[in-house]
Amino acid sequence: MANDKERSINQKVWELANVLAGQGIGFTDYITQLTYLLFLKMDFENVSLRPGKIQSALPIGYQWQDLVELTGHDLLNHYEKTLSVLSQQSGLVGTIYTKAQNKIDKPVYLEKVINMIRDTNWLMEDVDVKGAIYEGILEKNGQDKKSGAGQYFTPRSLIKAMVDVTKPRIGESVCDPACGTGGFLLAAFDYMKLQSNDREKQRILKNETLFGVDNTPLVVTLASMNLYLHGIGTDNSPIDCRDSLEQEPGRAFDVILANPPFGKRPAGSVAINRDDFYVQTSNNQLNFLQHIMLSQSQGGRAAVVLPDNVLFEGGAGEVIRQELLKHFNLHTILRLPTGIFYAQGVKANVLFFTKGQETKRVWFYDYRTGIKHTLATRPMQREHLDDFVECYNNRQETERFKCYDIADILQRDKTSLDITWIKQTDEDDDMPLSELIATMEEKSNNIQNAVAQLKALMANIEE
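So, a few notes on the structure that sits alongside this text. (Residues numbered from 1 in each chain as written. Predicted model: local features only at pLDDT ≥ 70, side-chain atom pairs only at ≥ 80, totals over all residues. Heavy atoms only, no water.)

This part takes up the environment of L83. As for its position among the elements, L83 is in helix α4 (residues 72–86). Spatially, the C-alpha atom of L83 lies 8.6 Å from that of Y62, the residues being 21 residues apart in sequence. Look past the residues within four positions of L83 in its chain and what remains in contact with it is Q33, Y36, Y97, A100, Q101 and N102. (Helix = DSSP H or I, 4+ residues; strand = E, 2+ residues; numbered from the N terminus. Contact = heavy atoms within 4.5 Å.)

Here's what the structure looks like:
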């Protein structure tokens, strides 16, 4: 029955999305407004189900019933005022409406979205149903290449495998410093919620266990709503809207799960120059790695998706790798194939490490050589990583799972962790043109970054 309900609501969502797309309203803008209005509707349902026993979380005059009674430009004007007022509230409301703006400027289409939401009693649905519907909407949004939303969406199959081997335990704190729409936090929650039926532990799990940070207001809105619909952070969202890299971590966490943004920092971002970092660099991924290392508690575990250059880049990269090997146990590296992310040609790895234990050996799992995935025809599923999970737990060498002693790694040029052993065949090199171009662009960017660093070094020497 739940599947039928999900399909029915999803169909309504996509049908309206197509109508709005014809009027130039992008799917990201549509899903954002859907989120704003859905929260208003659920607040109204919550109060209606318990008349006289619960008060609205929203200020008088800016609630669901204040909108549905209006039409035309009166509706449009009051909706925009509502967004402005709610964005200034504290707690969960203020987080959901972080820097909220209306992107549907024609009253007739705003009315269509409101009418669709009005026809469904969202609060009456099971949290798993609500959560699945919203998660499906976010995944669809991630597939929209024009919106660029894919940068916030890590394949759920990869997330689940990372959580399955990291094994967060109920009572531990879990953080994602670049949380996107909250996929890692939700997967950790799903893993931990089955570990105890104790009411107090479940309360702590839902309200005091998960912590996320993202510097994009739109993403903070989507992530907060995603968690809220799963019953997490119903009073205060666990998502904080800020740039993780701009300040030292305020606390240490037991488990960190993350896929930091690849590429350069956005134009206009504050330059990173932190006293607590092991080395100063403009490399965004290396800075996130440093931040995560410093955010771990003693014995804390981390699983982080990072691009290939983090494994071999010299200078700051080598300094950070040496620190990682000396003061952390970098016990496992999962090498990922291309074709699993929405950005084409991305070559990435998952680094698994524990703080406070010196690395003695590193296990590598090669899930790249000879592996073909595409988002359209052969997306990576959780079962594709079953062998990795089994190898991770058993620690027995196989064709794809090899162990390298730390002494051998330290002798490698620049302490490189860019290790492969499976022979590449001609068939493996037969990649799509779009992927080949993306790979060439990636290598070109690496060369440009290296030249820029070399010029900066030469300038310092001449001074």
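So, next bit.
Further remarks concern the sheet that holds strand β1 (residues 174–176). By way of backbone hydrogen bonds, the strands of a sheet pair with one another, either parallel or antiparallel. With mixed pairing, nine strands are arranged side by side in an open sheet as β3-β2-β1-β4-β5-β7-β6-β8-β9. In the strand order of this sheet, the two ends are held by β3 (239–241) and β9 (401–405), each with one partner. Within the sheet, the average angular offset between the axes of one strand and its neighbour, ignoring direction, is 15°. Judged from the five bridges that link them, strand β8 (residues 361–366) and β9 form a sheet pairing that is antiparallel. Its bridge partner being in β9, Y365 is matched across the sheet by F401. Helix α14 (residues 316–327) contacts β6 (328–335), β7 (348–355) and β8 of the sheet and is inclined by roughly 120° relative to β6. (Pairing = 2+ DSSP bridges. Axes fitted to C-alpha atoms, helices over the stretch in contact; angles between N-to-C directions.)

Moving on, we get to the pattern of salt bridges. Summed over all chains, the structure comprises 14 salt bridges. Between R203 and E200 there is a salt bridge whose closest N-O contact spans 2.8 Å. In this pair, R203 and E200 are both assigned in helix α10 (residues 199–207), three residues apart and thus about one turn of the helix distant. Under the relative-accessibility criterion, R203 is labelled partly exposed at 36%. (Salt bridge = Lys/Arg side-chain N within 4 Å of Asp/Glu carboxyl O. Buried < 20%, exposed > 50% of the residue type's maximum accessible area, 1.4 Å probe, protein only.)

What follows concerns the nonpolar core. Soluble, globular proteins show a tendency: their nonpolar side chains are buried together. Ranked by internal contacts, the top residues of the largest apolar core, which has 46 residues, are L158, L334, L336, V350 and F352. Those elements giving two or more residues to this core turn out to be α8 (156–166), α9 (183–192), α11 (217–229), β4 (253–258), β5 (296–307), β7, β8 and α15 (386–394). Per-element tally for this core: the top contributor is α9, with seven residues. Not counting residues up to four positions away in its chain, the partners in contact with V350 are L158, M162, A303, V304, V305, T332, I333, L334 and L336. (Core = buried A, V, L, I, M, F, W, Y, C linked by side-chain atoms within 4.5 Å.)

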